[in-house]
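Structural characterization, general
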Amino acid sequence: MFTPETYTNRRNALRKEMKSGLILMPGNTEAAYNYPANTYGFRQDSNFSYFFGLDHPDFFGVMDIDNGVDYIFGNDVDMDDIIWMGHQPSVSQQAEGCGVKNTAPSSELSEFIGNAIRNKRTLHFVPSYRGETILLLSHLLGLNPLRLKDYVSKELIKGIVKLRSVKSEAEVAEIEKAVDVAYIMFTTGMKMAKAGVKEQEIVGAMEGISIAHGRPVSFPIILSINGQILHNHHHGNFLKEGRMLVMDGGSESSLLYASDITRTVPVGGKFSQRQKEIYEIVLNANLKSIAATAPGTLYRDCHYVACETIASGLKDLGLMKGDVKQAVAAGAHALFLPHGLGHMLGMDVHDMEGLGQINVGYDEEIQPSDQFGTAYLRMGRRLQPGFVVTNEPGIYFIPELIDLWKSEKKFTEFINYDKVDEYRDFGGIRIEDDILVTEHGCRVLGKPIPKTVADVETTMGM
Ligand code: GLY
Ligand code: MN
Ligand code: MN
């Protein structure tokens, strides 16, 4: 955990963003896998962890905005628990670790909230993503679980997003730890990427490295020789010479901060000329959009830097044509890059996405685009020092999308479909880094993971 003062300061800062009432912050419960006692590994709720830090199931945090008092509701263990799990600190001992003095058994929560309702106090809570939490909140508040989302507090969402968006030095250090574990995961994956190896073997090795260094991966690993499928979780293929292997994964630090990295490598360790040409365009898009990342800049504009770099590179190869800026403005590049440049990164790999992407990546100044491709940009707003974002441009040859656009004669002024057809069997390439926005620019976090053609080939040959 961070220091007790860290959590106290965070709760006080959140109170300052709010007018009045109580903030209800349920922690996560254990989640059953295939029967109640056989559970998934426990993962605390990120908001609960940010404000209370306790990595323990079945706690419920409350912050009183009006009188500055915080509470943890939870049960001390009984003898049965001690027999099966060993000695556990009491709830009040645990609560000291996050600067909370008031604790009570879970059985008192219902009456506590009932009193608040009778006293007409405003109760703030954020959207839930787990059935157990939805049922608990609905029960406590006397609301229909199916309608609970209609009662979430926009004020609370706004306050949390404001605080969690700007990472402290200690939080950045956690993300860097997670990137450093990713360094081992990815360099191992690169060395394993030889013809005949099954994708699953590499996934297993990478996941094992994450667990061995603390916690499981920060999201299910995407790893495939069919990298044109953006979020490909099928790992049943055997690697073949001539294919590119997309590896997109990350680790989670002990304090629940994520890394999110992508590297794409040629099976066997040597890029062909054709692979190198497309790879260099993606790398250039990654480098140029990182160079454009600075406080005060709209992240949407960094996205456009990447899009234009890709359109320009593809024009040089004869796959696109016409004016690059016009092509990107029209959305023609999205045949090859049908997603956004990146997203916020923190305790959630798509940080705070559970609070609503529009509340995290957009604001009064900038709203999401409805144009195919850029519509998937999760983060468009103006950057501030302390933001951590991913930078993940790619080029993909998706045969079904190529056929559709070609049949519709879409953007024939910008796309040379005859040339594109020669790349139908190419697959995809994505390169992803984790970037801290600093006072004057930005910094790529963690130990540099090989990404130039030369460095990737050298690592794969080791
Ligand atoms: N982890 C999926 C992504 O890169 O956003
Ligand atoms: Mn990723
Ligand atoms: Mn990402």
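Attention here is on the structure that accompanies the text. On a predicted model such as this, the values are computed, not experimentally measured, just so you know.

Bound to the manganese ion (ligand 2) are the protein donor atoms Asp-248 (OD), Asp-248 (OD), Asp-260 (OD) and Glu-432 (OE), situated 2.0 to 2.7 Å from the metal. Look at where the donors of the manganese ion (ligand 2) fall in the sequence and you get D-x11-D-x171-E. Separating the manganese ion (ligand 2) and the manganese ion (ligand 3) is a distance of 3.2 Å, and Asp-260 donates to both of them. Of this pair, Asp-248 sits in strand 9 (residues 244-249) while Glu-432 sits in the loop between strand 13 (428-430) and strand 14 (433-437), placing them 184 residues apart in sequence. For Asp-248, a relative accessible area of 3% corresponds to the buried category. Relative accessible area serves as the criterion here: at 0%, Glu-432 is assigned to the buried category.

Turning next to the sheet that holds strand 4 (residues 60-64). Strands sit in the order 6-5-4-1-7 across an open sheet of five strands; the sheet is mixed. Each edge of the sheet is formed by a strand with only one pairing partner; in this case those strands are strand 6 (102-104) and strand 7 (123-124). Sheet topology places strand 1 (residues 22-26) next to strand 7; two bridges connect them, and they run parallel. Its bridge partner being in strand 7, Ile-23 is matched across the sheet by His-124. Relative to the sheet, helix 6 (residues 131-141) contacts strand 1, strand 4 and strand 7, its axis offset from that of strand 1 by approximately 145 degrees.

In the vicinity of ligand 1, the residues found are Phe-219, His-231, Asp-248, Asp-260, His-343, His-350, Glu-392 and Glu-432. Taking Asp-248, its side chain carries an N or O atom lying 3.3 Å from an oxygen atom of ligand 1. The side chain of Glu-392 places a nitrogen or oxygen atom 2.8 Å from an oxygen atom of ligand 1. The protein chains hide 96% of the 200 Å² of surface that ligand 1 would expose on its own. Looking at the shell around ligand 1, its residues break down into one nonpolar, three polar and four charged.

What follows covers the coordination of the manganese ion (ligand 3). Of the protein atoms, only Asp-260 (OD), His-343 (NE2), Glu-392 (OE) and Glu-432 (OE) coordinate the manganese ion (ligand 3), at distances of 2.1 to 2.2 Å. Of note is the manganese ion (ligand 3), whose six donor atoms meet at the metal with angles of 51 to 157 degrees in an arrangement that counts as irregular. Going along the chain, you hit the donors of the manganese ion (ligand 3) in the pattern D-x82-H-x48-E-x39-E.

In this fold, Gln-94 is placed in helix 4 (residues 91-96). Judged by its relative accessible area of 15%, Gln-94 falls in the buried class. In terms of polar contacts, Gln-94 uses its side chain to reach the backbone carbonyl oxygen of Pro-89, at 3.2 Å. Setting aside chain neighbours within four positions, we find Gln-94 in contact with Leu-54, His-56, Phe-59 and Pro-89.

Conventions and cut-offs
Residues numbered from 1 in each chain as written. Chains lettered and ligands numbered in written order. Predicted model: local features only at pLDDT ≥ 70, side-chain atom pairs only at ≥ 80, totals over all residues. Heavy atoms only, no water. Donors = N, O, S within 2.8 Å, 3.2 Å for Na, K, Ca; no water. Helix = DSSP H or I, 4+ residues; strand = E, 2+ residues; numbered from the N terminus. Buried < 20%, exposed > 50% of the residue type's maximum accessible area, 1.4 Å probe, protein only. Pairing = 2+ DSSP bridges. Contact = heavy atoms within 4.5 Å. Axes fitted to C-alpha atoms, helices over the stretch in contact; angles between N-to-C directions. Near = heavy atom within 4 Å. Polar contact = N/O pair within 3.5 Å; in protein donor to acceptor, adjacent residues only side chain to side chain. Areas by Shrake-Rupley, 256 points an atom, 1.4 Å probe, with all protein chains shown as cover. Nonpolar A, V, L, I, M, F, W, Y, C, P; charged D, E, K, R; others polar. Tetrahedral: all angles 85-135°; square planar, octahedral: opposite > 155°, others 65-115°.

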